[in-house]
Amino acid sequence: MVCGEARVFFDTHCHLQDVRFEPDLAVRMVKAREAGITNFVCCGTQESDWDAVLKIATTHPAVLPMLGLHPWHAHQAQSGWLARLAERLENPRIGLGECGLDFAIEEPPRELQEAAFRAQLRLACDLNRPVSIHCRRAWERLMAIAREEGLPVAGAVIHAFSGSAEIAQEAQALGFYLAFGCSLTNPNNHRAAKALKVVTEDRLLFETDAPDMPPYGSTQGTLNDPINLRLAVEAASRVRGIDPEALATVAYRNSCRVFRSMLPKACNTLSLGFDKAIEGNQGTHHKGDTDGEIKGG
Ligand SMILES: [Zn+2]
């Protein structure tokens, strides 16, 4: 994975556990790898999909798992969810996400979203784990909470960035990375283009959010696919007026920096220890467990 030797891509946010991918995920993964996408950060959205995320990461070493409670599901969380999340995150190869704030929706209420987000941001800071953040129409509160809680040194990503250029500048000054996706392929998305132009090179990431947010012009019902990451990078290179290969290299380097703690040390390592974090693996958890004590299933 030498940057510059070939065009390589790093999908910093997707949802491969989505049931819509179930029939043909393996084929999609092969095609995406062939297209140069070397890594896929796969984000959980609620406790019920955490095991599926970890299982995919166990099967596909190119998949980097993150677990979190999405603001859309903040009201559905079962009591004790945060402690169970912290327990899963004892494995240092697991990041925290997707979490965040979405004030474009009425429910769940803002206070509930904020409490869930603040608790997860605090956990990511305590464990120094990369965090992937969803934010819609809640910029003021996001920045305020980030100032109060701080951000994990590992890296904090605002995924599918939809804010203005001014917000982009404020966010990167606070230390956020900003990730852009296929919404850039819409030539009428001037807000995203303006924001993209002010992002400094060292803060820029790309993602698909697959299966959501397919490229502009896709027929209704088309699933977004990690392979479309190339389209996002190409659209961004047009907006920024730079060579797509150079932009891909810059973003790839940034991705490796943010997610370095989650990358397998050897690419052929199949046993990453995620099985230990998968629920149902012999129930009770002992605090003194070490990495070597993975129970057989
Ligand atoms: Zn997402």
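Residues numbered from 1 in each chain as written. Predicted model: local features only at pLDDT ≥ 70, side-chain atom pairs only at ≥ 80, totals over all residues.

Participant: How would you summarise the sheet that holds strand β5 (residues 131-136) if you had to cite specific residues and measurements?
Facilitator: With respect to topology, 8 strands assemble into an open sheet ordered β1-β2-β3-β4-β5-β6-β7-β8, the strand pairing being parallel. Each edge of the open sheet is held by one strand with a lone partner, namely β1 (9-14) and β8 (204-206). Averaged over all pairs of adjacent strands, the angle between their axes in this sheet comes to 30 degrees, without regard to strand direction. Note that strand β4 (residues 95-102) and β5 share 6 bridges and pair parallel. (Pairing = 2+ DSSP bridges. Helix = DSSP H or I, 4+ residues; strand = E, 2+ residues; numbered from the N terminus. Axes fitted to C-alpha atoms, helices over the stretch in contact; angles between N-to-C directions.)

Participant: Summarise the environment of Gln 46; cite the residues concerned and give the values.
Facilitator: Within the secondary structure, Gln 46 is located in the loop between β2 (37-43) and α2 (47-59). The spatial distance from the C-alpha of Gln 46 to the C-alpha of Ala 74 is 8.3 Å, given a sequence separation of 28 residues. Residues within four places of Gln 46 in sequence aside, it is in contact with Leu 69, His 70, His 73 and Gln 76. (Contact = placed C-beta atoms within 7 Å.)

Participant: An account of the pairing of β5 is requested, with residue identities and associated values reported.
Facilitator: Counting buried positions over the 6 residues of β5 gives 5, a clear majority of the element. Taken together, β4, helix α4 (residues 110-127) and β5 constitute a β-α-β crossover, and its handedness is right-handed. Sheet analysis places β5 next to strand β6 (residues 156-158), joined by 3 bridges and oriented parallel. Residue pairing in the sheet places Ile 133 in a bridge with Ile 158 of β6. Chirality of the crossover, the property in question, places the unit of β5, helix α5 (residues 139-149) and β6 among those that are right-handed. (Buried ≥ 20, exposed ≤ 12 C-beta atoms within 10 Å, placed from the backbone. Right-handed = clockwise from strand over helix to strand, strands pointing away.)

Participant: Tell me about α2, residues and numbers included.
Facilitator: Within α2, the full set of buried residues consists of Glu 47, Trp 50, Val 53, Leu 54 and Ala 57. On an axial view of α2, the arc spanned by its buried residues comes to 95 degrees, and they lie on one face. (Arc of directions from axis to C-beta.)

Participant: Can you lay out the packing of helix α6 (residues 165-174) against helix α7 (residues 190-198) for me, pointing to particular residues and giving the numbers?
Facilitator: It is at 8 Å that the axes of α6 and α7 come closest, and there the two elements cross at 35 degrees. Remark: the crossing between α6 and α7 carries right-handed chirality. Across from Ala 165, Ala 168 and Gln 169 in α6, the residues of α7 making contact are Lys 194, Ala 195, Lys 197 and Val 198. Class assignment for the residues of the contact of α6 with α7 results in 4 nonpolar, 1 polar and 2 charged. (Left-handed = near helix turned anticlockwise from the far one by under 90°. Nonpolar A, V, L, I, M, F, W, Y, C, P; charged D, E, K, R; others polar.)

Participant: Before we move on, could you go through the nonpolar core and cite the residues and values that matter?
Facilitator: Within the largest apolar cluster, 76 residues are counted, with the highest numbers of intra-cluster contacts made by Cys 42, Leu 178, Ala 179 and Phe 180. Once you skip the residues sitting within four places of it in the chain, Phe 180 turns out to touch Phe 161, Ala 192, Leu 196, Phe 206, Ala 232 and Ala 236. (Core = buried A, V, L, I, M, F, W, Y, C linked by C-beta atoms within 7 Å.)

Participant: Talk me through the pairing of strand β7 (residues 177-180); I want residue IDs and the actual numbers.
Facilitator: Two faces make up the sheet, and in a regular strand the side chains alternate between them. Of the two faces of β7, the one carrying Tyr 177 and Ala 179 and the one carrying Leu 178 and Phe 180 are both buried. Sheet topology places β6 next to β7; 2 bridges connect them, and they run parallel. The partner of Val 157 across the bridge, within β7, is Tyr 177. Chirality of the crossover, the property in question, places the unit of β6, α6 and β7 among those that are right-handed. Bridging between β7 and β8 involves 3 bridges; their strand directions are parallel. Within the sheet, the bridge partner assigned to Ala 179 lies in β8 and is Leu 205. This β-α-β element, β7 to α7 to β8, shows right-handed connectivity.

Participant: Give a description of the confidence of the model for the chain that names residues and reports values.
Facilitator: Here the chain averages 90 in pLDDT, while 87% of its residues score no lower than 70. When the criterion is pLDDT under 50, residues 1-5 qualifies, and its contacts beyond four places in sequence or with other chains add up to 7 contacts. Counting interchain partners and residues more than four positions distant, the pLDDT-below-50 stretch residues 280-297 has 11 contacts. (pLDDT = per-residue confidence, 0-100.)

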